[in-house]
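# A look at the structure
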Amino acid sequence: MASGVKPRVKVPKSAAAGETITIKTLISHKMESGQRKDDDGNPIPRSIINRFTCDFNGENVIDITLEPAISTNPYFQFDSVVPESGEFTFTWYDDDGSVYEEKKAIEVS
Amino acid sequence: MSYNKKLTIGLACASALGFGVAAWAGPDEDNLVINGEIEIVTEAAAPEHMEYVDTIYSGWRFRSDETQAVQADDFDNPSMIFVETAMEVWDTVEGTEGKSCSSCHNDVESLRGVRAVYPKWNEKAGEVRTLEHQINDCRENQMGAEKWKYTGGDMVNMVSLISMVSRGMPMNVAIDGPAQSTWEQGKELYYTRFGQLELSCANCHEDNYGNMIRADHLSQGQINGFPTYRLKNTKLNSVHARFKGCVRDTRAHTFKPGGPEFTALELYVASRGNGLSVEGPSVRN
């Protein structure tokens, strides 16, 4: 498993019904491309986050495929309409099979 | 009148005559407020000891709007990943004495203001010391732990954490009293030409700030924003690592990071920024 992986998200705590909010996400990850070689000339195996998704109350908001050219600590910022109170679920999929998940609730007034 | 103003007028004349010289570009007029609450002073009257510059600017003012924006919110600032690592180390017991940083210093907030006055004269040691020297002194003598590499990851992360709690405070290093001779030595280094290209710090950062050096927009070389996360190497960079890079670029043999030459230079360069806010860990390209 890649070391030092830690997901972070920033979602407003509350919003008006139907409001468009901005969500920021960041995961610390080496994003080893598989193209590099170590000091002895052996290729360093690829180890990246290959997919990121965000769902709101079970409905998909965004689904991203990541490629090896994406640099270290991938950061995504996107907008979402919030129709009702609920919970965002953020999921990152690692090449090594690990899945990192983070949840954030939002209150609609 | 500063060299730079003369230069600006010179360039303006040249452009008017149709020589097609690129316009002098920058610093811009933007204001920096971090997280919507920490106001950062990025422009100030130059300290009295500076003969050729009237106004000092943080390097932030010379960067593009996109790069500037990354530093305005800690969530966007990639330095914070490294600062978080340092926070864990702060509470981690290491060495023969069974101590961590927090055993003596409690919360890191207790070190608010420290970054603003370093490098600083250390009475007991009888020398000017940087924050890095002091951290290694703590590790060796208080904790009984191994010293960190001067420009290594552990060190620069910890300096960033200590710098972060002082953000917004004005840089205020002392250059009189016992520190004066070291400061003079630093000043001498600043104005000495090095390397095959025969460049001094002043040639770029005093005579030509605002101009382009190939694809790079020259700043005044202020260090109030250090440690700096650089987009080009995706990690935090320490002051002495930056000095080393600069001296290397003049095609000279560089001094040793943590050595007396760079320590003196750091004191002098820091004193050129007295009045600007502590900004580190900042974001630059």
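Predicted model, so just to flag it, every value in this text is computed and none were measured. (Residues numbered from 1 in each chain as written. Chains lettered and ligands numbered in written order. Predicted model: local features only at pLDDT ≥ 70, side-chain atom pairs only at ≥ 80, totals over all residues. Heavy atoms only, no water.)

Take the overall build of chain B next. Counting its secondary structure elements, chain B contains 11 helices and 11 strands. Its C-alpha atoms give chain B a radius of gyration of 19 Å, near enough to 19 Å, the size a compact globule of 285 residues would have. The principal-axis extents of the C-alpha atoms in chain B amount to approximately 70 × 40 × 30 Å. Across the 285 residues that make up chain B, the buried fraction comes to 51%. Restricting to contacts in chain B with at least 6 residues of sequence separation, those with at least 24 account for 69%. Looking at chain B as shown, the accessible area adds up to about 13600 Å², and 51% of this sits on carbon and sulfur atoms. (Helix = DSSP H or I, 4+ residues; strand = E, 2+ residues; numbered from the N terminus. Rg over C-alpha atoms; globule rule 2.2 N^0.38 Å. Buried < 20%, exposed > 50% of the residue type's maximum accessible area, 1.4 Å probe, protein only. Contact = heavy atoms within 4.5 Å. Areas by Shrake-Rupley, 256 points an atom, 1.4 Å probe, with all protein chains shown as cover.)

Residues and elements named next belong to chain B. Per-residue pLDDT for chain B has a mean of 90; in total, 91% of the residues score no lower than 70. Note that pLDDT drops below 50 for residues 5-23; the model gives that stretch 14 contacts with residues more than four away or on any other chain. Both scores are available for the predicted complex, with the pTM at 0.86 and the ipTM at 0.79. (pLDDT = per-residue confidence, 0-100.)

The subject of this paragraph is the interface of chain B and chain A. With six residues of chain B at the contact, the number on the chain A side is 11 residues. For the pair chain B and chain A, the summed buried area comes to about 830 Å², and 56% of that belongs to carbon and sulfur atoms. Looking only at chain B, the three residues that lose the most surface to chain A are Phe75(B), Ile81(B) and Glu84(B), adding up to 67% of its buried area. Applying the counting rule to chain B against chain A returns five salt bridges. (Buried area = accessible area lost by both parts, 1.4 Å probe. Salt bridge = Lys/Arg side-chain N within 4 Å of Asp/Glu carboxyl O.)

Okay, the packing of aromatic side chains next. Summed over all chains, the structure comprises 16 aromatic pairs over all chains. Consider the rings of Phe52(A) and Trp92(A), whose centres lie 5.0 Å apart with planes at 35°: the pair is tilted. Of the two residues, Phe52(A) sits in strand 4 (residues 49-56) while Trp92(A) sits in strand 7 (residues 86-94), which places them 40 residues apart along the sequence. Like Phe52(A), the residue Trp92(A) is buried in the burial classification. Relative to Tyr229(B), the ring of Phe82(B) lies with its centre 6.2 Å away and its plane at 40°, an arrangement referred to as tilted. (Phe/Tyr/Trp six-rings, centres within 6.5 Å; stacked < 30°, edge-to-face > 60°.)

All names here are of chain A. Pairing is antiparallel in the open sheet, where three strands are placed in the order 1-3-6. Edge strands, defined here as strands with exactly one partner in the open sheet, are strand 1 (6-10) and strand 6 (75-82). Direction aside, neighbouring strands of the sheet carry axes that sit 25° apart on average. As paired strands, strand 3 (residues 19-28) and strand 6 are joined by eight bridges and run antiparallel to one another. Considered in strand 6, the bridge of threonine 25 is made with phenylalanine 76. (Pairing = 2+ DSSP bridges. Axes fitted to C-alpha atoms, helices over the stretch in contact; angles between N-to-C directions.)

Let us look at the nonpolar core. If you look at the biggest cluster of nonpolar residues, it comprises 24 residues, and the most contacted ones within it are Ile21(A), Phe52(A), Phe88(A), Phe90(A), Trp92(A) and Ile106(A). Mapped by element, the contributors of at least two residues to this core are strand 3, strand 4, strand 6, strand 7 and strand 8 (99-108) of chain A. No other element matches the four residues that strand 4 of chain A contributes to this core. When residues no more than four places from it in sequence are discounted, the contact partners of Phe52(A) are Thr25(A), Ile62(A), Asp63(A), Ile64(A), Leu66(A), Phe76(A), Phe78(A), Phe90(A), Thr91(A) and Trp92(A). Core analysis: the next-biggest nonpolar cluster, separate from the first, contains 21 residues, Val173(B), Tyr190(B), Phe226(B) and Val269(B) among them. (Core = buried A, V, L, I, M, F, W, Y, C linked by side-chain atoms within 4.5 Å.)

Residue and element names in this part refer to chain B. On the surface, a cluster of negative charge is contributed by Glu88, Asp91, Asp107 and Glu109. As for its placement among the helices and strands, aspartate 91 is situated in the loop between helix 3 (79-90) and helix 4 (101-105). On the accessibility criterion, aspartate 91 (52% relative accessible area) is exposed. (Patch = residues over 30% accessible without salt bridge, like charges linked within 9 Å, V, L, I, M, F, W, Y side chains within 5 Å. Lys, Arg positive; Asp, Glu negative; His and termini not counted. Charge placed at Lys NZ, Arg CZ, Asp CG, Glu CD.)

Let us look at the sheet that holds strand 10 (residues 235-237) of chain B. Residues and elements named next belong to chain B. In spatial order, the strands read 10-9-11; together these three strands make up an open sheet with mixed pairing. With partners counted over all chains shown, the strands left at the sheet margins are strand 10 and strand 11 (282-284), one partner each. This sheet shows a mean twist of 40° between the axes of neighbouring strands, independent of strand direction. Against the sheet, helix 3 makes contact with strand 9 (228-230), strand 10 and strand 11, and its axis sits at roughly 80° relative to strand 10, the strand it touches most.

Looking at where Glu29(B) falls in the secondary structure, it is placed in the loop between helix 1 (3-16) and strand 1 (32-34). Residue classification places Glu29(B) among the exposed positions, given a relative accessible area of 66%.

Before going further, it helps to examine the packing of helix 3 of chain B against helix 7 (residues 153-164) of chain B. All names here are of chain B. Between helix 3 and helix 7, whose axes approach to 8 Å, the crossing angle comes to 95°. With respect to each other, helix 3 and helix 7 are oriented roughly perpendicular. Along its contact with helix 3, which presents Met80, Phe82, Val83, Thr85, Ala86, Met87, Val89 and Trp90, the element helix 7 presents Asn157, Met158, Ser160, Leu161 and Met164. Of the residues belonging to the contact of helix 3 with helix 7, the class tally is 10 nonpolar, three polar and no charged. (Parallel < 35°, antiparallel > 145°, perpendicular 65-115°, else oblique. Nonpolar A, V, L, I, M, F, W, Y, C, P; charged D, E, K, R; others polar.)

Residues and elements named next belong to chain B. With 12 residues, helix 11 (residues 260-271) should reach 16 Å at 1.5 Å per residue; the first-to-last C-alpha distance of 17 Å fits that figure. With respect to burial, helix 11 is a largely interior element, 10 of its 12 residues being buried. Residues of helix 11 that are buried include every one of Phe262, Thr263, Ala264, Leu265, Glu266, Leu267, Tyr268, Val269, Ala270 and Ser271, and no others. Buried residues along helix 11 sit against strand 6 (127-129), helix 6 (131-143), helix 8 (180-190), helix 9 (201-205) and helix 10 (239-249). (Expected span 1.5 Å × (residues − 1).)

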